[in-house]
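Summary of the model geometry
Spelled out from the first residue to the last, the chains are:
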Amino acid sequence: MREYLLTLCVTVAVTYLLTGPVRKFAIAAGAMPAIRARDVHREPTPRLGGIAMFGGLCAGLLVADHLVNMDDVFALSSEPRALLSGAALIWLIGVLDDKFEIDALIKLGGQMIAAGVMVAQGLTILWIPVPGVGTVSLTAWQGNLLTVALVVITINAVNFVDGLDGLAAGMVCITSAAFFLYAYRMWVGYGIEAAAPASLFAAVLVGMCLGFLPHNMHPARIFMGDSGSMLIGLVLAAGAISITGRVDPDRIAYSVGSERDAVHAMVPVYMPIIFPLTIIAIPIADLVLAIVRRTWKGQSPFAADRGHLHHRLLQIGHSHSRAVLIMYFWSGLIAFGAVLYSVHADSMWIVPVIVVLSAVGLVLLLLPRFRPRAPRWAESFVPPRYRRRVRGQHPVPPPAADGTSAPFEEPVAVGVGVSGMNGATAVGARRLYEGDRAGTAADRKPA
């Protein structure tokens, strides 16, 4: 566990430290597309955050390769090399799309090629554990096609959910943490060394997301873009494929007593085969609903719109931050609920707990305009929107240039180049009051 924590910390540090320079590079390279109709942000924001995430991935795998207890993962398995090859290809495609906006069909072809690269190097599904039946072996063609399909579906599911600041990185971080607990238990608890690569992939993926989140939380200073969303989707799919289609349930039978109990113990990873990655069920549901919605309207399944789940949360009245937190809640409930059920499958208290938490989530969905107020003593520690406002109090208008009070006016856009800009506003128009602009001009006049 100490070596996993070391790998995680190195990945977090490298990703976090690289994101700042990558942001400056994205601005200089012009990887800042104009705001589209479906976007929820109001200022041009640089992309290419996937460059920093890919650097964190490489650093994490490099450190793990030099650790004593993880050396066998690289010596006895080709899966880390397969993951790095496929990740490099999908990352390159994403970088090109962030800069030049390549066609959706070209991206789909690139995703299939990246999945084929991993399959060619041994990261593929060999069998499927089926409840009540046991292990079903697959032919080479069946396993390869199923692997490619799972990778493509997972990549697009994560890409579709990347619509709000911090949403995709946070959801993948939560589900990867739950997946790491399951994979680590398979390796250490049952002594199955074939689960070690999946544990490593999950730990590195958590580090990539944690290192990028501080730069990506609302208001985001940089977006991960397709170079990041497709990358983390591929890594997540690789971990699920590694532990699902390459871990033999018969090995677990020696620890749990029977093949039936062994198959039951692997319940959380059946569904990734049937319906990719139930631990990211929310993005998968969003993907399916988007395809059905667009097809019903006679549009292409790849046509962008504002009908995703996070867009609907905003439409019913939730704030940006609350919509992200609600999506976090549901992802954590599904992912950690599946892991908890795999550990305590015979405990009946798990189902009522999940039902109660689901009811709490539904209540949160029905209270879009509820805004909690902090107590008086804590108002200085919370954002202004959570502070109590005295009845009848209105915002104080900005002072005029001569020091007298000026009537409140609507903000106007001022061009790029105003001093004091930071964050995303450093690359877009900043909104100032007329009085502020007049005062600034007056200050520049000679005495």
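Structure's up top.
Here the structure is a predicted model, which means the values were calculated and not measured.

What follows is about the overall build of the chain. Per the secondary structure count, the chain includes 17 helices and four strands. Counting every position in the chain, which comprises 447 residues, the buried fraction comes to 46%. Counting contacts in the chain only where the partners sit at least 6 residues apart, residues at least 24 apart contribute 72% of the total. With an accessible surface of roughly 21,900 Å², the chain has 65% of that area assigned to carbon and sulfur atoms.

Here we come to the pattern of salt bridges. Taken as a whole and assessed by the stated rule, the structure comprises three salt bridges. The salt bridge involving K107 is made with D97; its shortest N-O contact spans 3.6 Å. Residue K107 is located in helix α5 (residues 104-120), and its partner D97 is located in helix α4 (residues 79-100); the two are separated by ten residues in the primary sequence. Judged on exposure class, the residue K107 and its partner D97 are both buried. Its salt-bridge partner being K107, residue D226 comes within 2.8 Å of it at the nearest N-O pair. Of the two residues, D226 sits in helix α9 (residues 225-244) while K107 sits in helix α5, which places them 119 residues apart along the sequence. On the basis of relative accessible area, D226 is assigned to the buried category, the value being 11%. With a relative accessible area of 14%, K107 lands in the buried category.

It is worth spelling out unusual backbone geometry at this point. With omega at -5 degrees, the peptide bond leading from H218 into P219 counts as cis. Non-glycine residue L48 carries a positive phi angle of around 70 degrees. Here L48 is to be found in the loop between α1 (2-29) and α2 (50-65). Even without a glycine there, the phi angle at E101 is positive, about 55 degrees. Position of E101 relative to the elements: it lies in the loop between α4 and α5.

Relative to the helices and strands, T124 is located in the loop between α5 and β1 (127-130). Within the structure, T124 has its side chain in polar contact with the backbone oxygen of G143 (distance 3.5 Å). Within the structure, T124 has its side chain in polar contact with the side chain of N144 (distance 3.2 Å).

All right, on to empty space enclosed by the protein then. Under the definition given, this model contains three cavities of 30 Å³ or more. What the second largest cavity holds in volume is close to 40 Å³. Taken together, S176, F179, F201, A202, L205, V235, L236, G239 and A240 make up the lining of the second largest cavity. Secondary structure elements with two or more residues in the lining of the second largest cavity: α7 (167-190), α8 (196-216) and α9. Broken down by element, the residue count for the lining of the second largest cavity peaks at four residues, all from α9. Across the lining of the second largest cavity, the residue classes tally to seven nonpolar, two polar and no charged.

A cluster of acidic residues, D65, D71, D72 and E193, forms a negative patch on the protein surface. Among the secondary structure elements, D65 is positioned in helix α2.

As a further point, take the packing of aromatic side chains. Summed over all chains, the structure comprises five aromatic pairs. For the pair Y4 and Y184, a centre-to-centre distance of 5.9 Å together with 80 degrees between the ring planes defines the contact as edge-to-face. Taken as a pair, Y4 in helix α1 and Y184 in helix α7 lie far apart in primary sequence, 180 residues in all. You can call Y4 buried: its relative accessible area is 4%. On the basis of an interplanar angle of 10 degrees and a centroid distance of 4.6 Å, the ring pair of F54 and W91 is categorised as stacked. Here the residue F54 occupies a position in helix α2, and W91 occupies one in helix α4, the gap between them amounting to 37 residues.

Reading the values: rules and limits
- Sequence order as written defines the numbering, with residues in each chain counted from 1.
- Under the rules for a predicted model, residues below a pLDDT of 70 receive no local features and side-chain atom pairs below 80 are neither given nor counted, while totals for whole chains, interfaces and linings still include all residues.
- The basis for the side-chain values is all heavy atoms of the structure; hydrogens and waters are excluded.
- Only runs of H or I of at least four residues qualify as helices and only runs of E of at least two qualify as strands under DSSP, and these elements are numbered from the N terminus.
- Working definition: with a 1.4 Å probe on protein chains only, accessible area under 20% of the residue-type maximum means buried, over 50% means exposed, and in between means partly exposed.
- The contact rule is simple, with two residues in contact once any of their heavy atoms fall within 4.5 Å.
- Here, Shrake-Rupley sampling with a 1.4 Å probe gives the accessible areas, and only protein chains in the shown set may cover a residue.
- Definition used for salt bridges: Asp or Glu carboxyl oxygen within 4 Å of a side-chain nitrogen of Lys or Arg.
- Identification of polar contacts relies on pairs of N or O atoms within 3.5 Å, with a donor-acceptor requirement for protein atoms, meaning one able to donate a hydrogen and the other able to accept it, and with residues adjacent in sequence counted only if both atoms are side-chain atoms.
- Both cavities and pockets are sets of points on a 1 Å grid over the protein atoms alone; in a cavity a 1.4 Å probe fits but cannot get out, in a pocket the set is open with protein on both sides within 12 Å along at least five of seven lines, and lining residues sit with an atom within 4 Å of a point.
- Grid points are joined across faces, edges and corners, and a volume is the space filled by probe spheres set on the points.
- Charged means Asp, Glu, Lys or Arg here, nonpolar means Ala, Val, Leu, Ile, Met, Phe, Trp, Tyr, Cys or Pro, and polar covers whatever is left, Gly included.
- A residue counts toward a patch only above 30% relative accessible area and without a salt bridge, and it is joined to like-charged neighbours within 9 Å or, for Val, Leu, Ile, Met, Phe, Trp and Tyr, to nonpolar neighbours within 5 Å.
- Positive: Lys, Arg. Negative: Asp, Glu. His and the chain ends are not part of the count.
- A charge is said to be at NZ when it belongs to Lys, at CZ for Arg, at CG for Asp and at CD for Glu.
- To pair, rings of Phe, Tyr and Trp, with the six-membered ring standing in for Trp, must have centres within 6.5 Å; the planes then decide the type, stacked if under 30 degrees apart, edge-to-face if over 60, and tilted in the middle.

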